[in-house]
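In case you want the letters, here they are:
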Amino acid sequence: MTSDIEFGTLARMELIRRLGAFVLLRLYRMGVMGLFLVKAFFYAVVPPVKIRRVIKQVHFIGFQSTIVILLTGCFSGMVLGFQGYYSLSRFGSDAFLGPMIGLSLIKELGPVLTALMVTGRAGSAITAEIGIMRISEQIDALELMGLNPYRYLVVPNFLAGLISLPLLTAIFDVVGIFGGYLIGVKLLGVGVGTYFGEMSSYVGMKDVLEGLYKSLSFGILINWVCCYKGYYTSIFTGFGAEGVSKATTQAVVLSSVLILVWDYFMTGLLY
Amino acid sequence: MIRIEDLHKSFNGNTVLKGVSLEIREGEVIALIGGSGEGKSVLLKHVAGLMKPDRGRVLVNGNDIASSRGGYLNALRSKLGFLFQGGALFDSMTVFENVAFPLKERTRTGRKEIRDRVLKELSNVGLSGSEDKFPSQISGGMVKRAALARALVGNPEIMLFDEPTTGLDPLIGLSILKLIDAIHKGLGFTGVIVTHEVPRVFDIVDRVAFLKEGKVFAYCEPEEFMTSTKPEVKEFLAGSLGRPHPEGPALFRPCNMDEDE
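Note that this is a predicted model, so its numbers are computed, not measured. (Residues numbered from 1 in each chain as written. Chains lettered and ligands numbered in written order. Predicted model: local features only at pLDDT ≥ 70, side-chain atom pairs only at ≥ 80, totals over all residues. Heavy atoms only, no water.)

## Considerations on the side chain of Asp64(B)
Residues and elements named next belong to chain B. Quick note on the threshold: Only DSSP runs of H or I covering at least 4 residues are called helices, and only runs of E covering at least 2 are called strands; the numbering of each starts at the N terminus. Residue exposure (1.4 Å probe, protein chains only): buried if accessible area is under 20% of the type maximum, exposed if over 50%, otherwise partly exposed. When charges are counted, neither His nor the chain ends are considered; positive counts come from Lys and Arg and negative counts from Asp and Glu. Salt bridges are identified by distance alone: a Lys or Arg side-chain nitrogen within 4 Å of an Asp or Glu carboxyl oxygen. It only takes one pair of heavy atoms within 4.5 Å for two residues to be counted as in contact.
Mapping Asp64 onto the fold places it in strand S5 (residues 63–64). Among buried Asp, Glu, Lys and Arg side chains, Asp64 stands out as unpaired, with Arg57 the closest opposite charge at 5.0 Å. Look past the residues within four positions of Asp64 in its chain and what remains in contact with it is Arg57, Val58 and Leu59.

Right, here's the structure in full:
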């Protein structure tokens, strides 16, 4: 009887110990991730900045994502054209198709879908590249040369993200509005003047700025998560190809979830 | 030159180094040997300041590299060259760009001088004509040579070699060891070679440090090490040299031999 009680107590103690260890480990990793962001900001504002690497990353994150953004932007606008027209026409408000598409894209869908597409296309590649550099000791080699890996691997991605995301979002918005125009005006018969006229009446600079702020913050968020996951590949996710694979998956999942969560808070703040 | 004092290191509760102490004199090259997982590479990374110990000190020219940070650590590292096990060449750069990288980024050397120094270094390691190739286009031995050229281009006072012959065939491995020896004779650096190349590495080193159970079990000249009567050293040498066990190969010994005796 006594031993049963002792066993139960020991089991509870072990459970509490494990729970405590789990919480401490999570807190530690969150701390490391926070410090990673602070260091990245610090080295981004303190010269020297590796301009050539920034340009290379703008090409990779921005320019090479253009086709994907054009396609997703166009089809998102076309879907909005259909859905918006059928919803609005039930209330006899199909004249407001232009503002509906414009506001949806500029304030919400443009920044969010662009960020998600960039995460899938460029974010995963950034994690894999930095992760492979970590497991093949290339980052150690940089450190041993007395060079700061943040300046070479992290800061250029951060700056490239800050430059590319707003531009890609703008392309997404414009192409999306054009897609909505194709469906609403050309296919479903909304007047071209009504479409663009109502849009210019209802979409203001505040809405454009809201989209801009969101896309800037997503540019930081994507590179923060993806660079961090790659940088700590062998430490937090394991060694070898499996470690890089895990890091890449975690980077894409965490970035995507954080984009949507952060979007909620941004919308609440900017409403 | 390098002094390691009571170094302790553990990973997730698994203790790897349990109080390593070692002194390497200026201009001396030592071999750091021991079984797999004994912490040889971990010890080497502590000397380079890539890992922080749980306890103990690593003094390089009297300065504790383990507690150094920022610019001070970089100044200490500028005296170090490190040959990584896999070479650690940057994949996106050619052999020439890899070797030129530390000069370009860390010094104010002019373009022409960088070119001359890189070509000279590549010629020293026998890689003339491979400047424009990428690491993926050259063999494992050539990668090691290119990495050696990159490590040497800054004229380091201390060279650290992490298993320079691992993954290479015996002939190429021997050529790398000979190359290290020749370069050492030319430059006179202080060196630490982590290796499993026993006894071939003994020809090019001044002393041998044998790591066992997280400590330096033996630290002596190669001849003394080879004639050691310590059972642990004899067992290690028997395994490394492929000497037959006095009772025959384990596979063919009866399982109950010990009990019978």
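## Concerning the interface of chain B and chain A
Basically, it comes down to this: Accessible area that two parts lose when put together, with a 1.4 Å probe and added across both, is what the buried area reports. Residue type decides the class: Asp, Glu, Lys and Arg count as charged, Ala, Val, Leu, Ile, Met, Phe, Trp, Tyr, Cys and Pro as nonpolar, and the leftover types, Gly among them, as polar.
Listed as interface residues are 19 residues of chain B and, on the opposing side, 15 residues of chain A. Here chain B and chain A share an interface that buries about 1500 Å² over both sides, 60% of which is from carbon and sulfur atoms. Across the salt bridge formed by Lys45(B) and Glu137(A), the nearest N and O atoms sit 2.7 Å from each other. At the level of elements, helix H2 (70–77), strand S6 (80–83) and helix H3 (95–106) of chain B are the ones that each hand at least two residues to the side of chain B that touches chain A. When residues in the side of chain B that touches chain A are grouped by element, the largest group, four residues, is from H3(B). Here the residues of the side of chain B that touches chain A sort into 10 nonpolar, three polar and six charged.

## Regarding a nonpolar patch on the surface
Residues and elements named next belong to chain A. Let me state the cut-off plainly: Residues enter patches when their relative accessible area tops 30% and they take part in no salt bridge; the joining distance is 9 Å for like charges and 5 Å for the nonpolar side chains Val, Leu, Ile, Met, Phe, Trp and Tyr. With residues, only the protein chains shown are counted as cover, and all accessible areas are computed by Shrake-Rupley using a 1.4 Å probe.
On the surface, a cluster of nonpolar side chains totalling about 640 Å² of accessible area is made up of Leu19, Phe22, Val23, Leu24, Leu27 and Met30. Here Leu24 shows up in helix H1 (residues 2–45). Overall, the relative accessible area of 58% leaves Leu24 in the exposed class.

## Digging into the packing of helix H2 (residues 51–62) of chain A against helix H4 (residues 97–135) of chain A
All names here are of chain A. To be explicit about the condition: Throughout, an axis means a line fitted to C-alpha atoms (over the contacting stretch in the case of helices), and angles, computed between N-to-C directions, take values from 0 to 180 degrees. We call two directions roughly parallel when the angle between them is under 35 degrees, roughly antiparallel when it is over 145, roughly perpendicular when it lies between 65 and 115, and oblique otherwise.
Look at H2 against H4: their axes get within 9 Å of each other, and the N-to-C directions meet at 140°. On the basis of the axis angle, H2 is oblique to H4. Between H2 and H4, the contacting residues are Gln57, Phe60 and Ile61 on the first element and Val118, Arg121, Ala122, Ala125 and Ile126 on the second. The residue inventory of the contact of H2 with H4, partitioned by class, reads six nonpolar, one polar and one charged.

## Quick word on the sheet that holds strand S10 (residues 215–220) of chain B
Residues and elements named next belong to chain B. Heads up, the condition is: The rule for pairing is simple: two strands pair if DSSP sees at least two bridges between them.
With mixed pairing, the six strands of this open sheet are ordered in space as S6-S7-S8-S3-S9-S10. The sheet terminates laterally at S6 and S10, the two strands that pair on one side only. Mean inter-strand twist for the sheet, computed between neighbouring axes without regard to direction, equals 15°. Pairing analysis gives five bridges linking strand S3 (residues 29–34) to strand S9 (residues 207–212), with the strands arranged parallel. Bridge assignment links Ile30 to a residue of S9, and that residue is Arg207. Its contacts with the sheet place helix H5 (residues 140–152) against S6 and strand S7 (158–162), and it is angled at close to 170° to S6.

## Some details on H2(B)
The following threshold applies: As used here, the arc belongs to the directions running from the helix axis to the C-beta atoms.
Regarding H2(B), the residues found buried are Leu73(B), Leu76(B) and Arg77(B). Each buried residue of H2(B) sits inside an arc of 100° when the element is viewed along its axis, so together they form one side. Looking at the buried residues of H2(B), the elements they touch are helix H5 (138–144) of chain A together with strand S4 (55–60), S5 and S6 of chain B.

## As for the pairing of strand S1 (residues 2–11) of chain B
Residues and elements named next belong to chain B. For S1 and strand S2 (residues 14–24), the ladder comprises eight bridges, and the chain directions are antiparallel. Directly across from Ser10, in S2, lies its bridge partner Thr15. Hairpin connection from S1 to S2: two residues lie between these consecutive antiparallel strands, with Asn12 at a positive phi of about 50°. Summarising the sheet, S1 and S4 pair through five bridges and their orientation is antiparallel. Within S4, the position partnered with Ile4 by the bridge is Val58.

## Points about the pairing of S10(B)
Residue and element names in this part refer to chain B. In the sheet, S9 pairs with S10 via five bridges, with the strands oriented antiparallel. Pairing of Val208 across the sheet is with Cys220, part of S10. Between S9 and S10, which follow one another and run antiparallel, lie two residues, and Glu213 among them has a positive phi close to 50°.

## Describing the environment of Val49(A)
Residue and element names in this part refer to chain A. On the secondary structure map, Val49 appears in the loop between H1 and H2. A sequence separation of 74 residues divides Val49 from Gly123, and the C-alpha atoms of the two residues are 21 Å apart. When neighbours within four sequence positions are excluded, Val49 is seen to be in contact with Ala44, Val54 and Leu159.

## Topic: the nonpolar core
This is how it is decided: Take the buried residues of types Ala, Val, Leu, Ile, Met, Phe, Trp, Tyr and Cys, join any two whose side-chain atoms come within 4.5 Å, and each joined set is a nonpolar core.
Counting 97 residues, the largest nonpolar core has Phe36(A), Ile4(B) and Leu160(B) as its most contacted members. Here the element with the most residues in this core is helix H6 (residues 149–187) of chain A; it accounts for 14 residues. Discounting residues that sit within four places of it in the chain, Ile4(B) has contacts with Val20(B), Ser21(B), Leu22(B), Leu43(B), Val47(B), Arg57(B) and Val58(B).

## A short note on the pattern of salt bridges
Residues and elements named next belong to chain A. If you walk through the whole model with that rule in mind, you get 22 salt bridges over all chains. The closest approach of N and O atoms between Asp263 and Lys214, which form a salt bridge, is 2.9 Å. Linking Asp263 in helix H10 (residues 240–270) with Lys214 in helix H8 (residues 205–231), this pair joins segments that are 49 residues apart in sequence. Assessed through its relative accessible area of 9%, Asp263 is described here as buried. Classification of Lys214 as buried rests on a relative accessible area of 0%. In the salt-bridge network here, residues are joined through shared partners; they are Lys107, Glu108, Asp207, Glu210, Lys214 and Asp263.

Just geometry here; none of it tells us what the structure is for.
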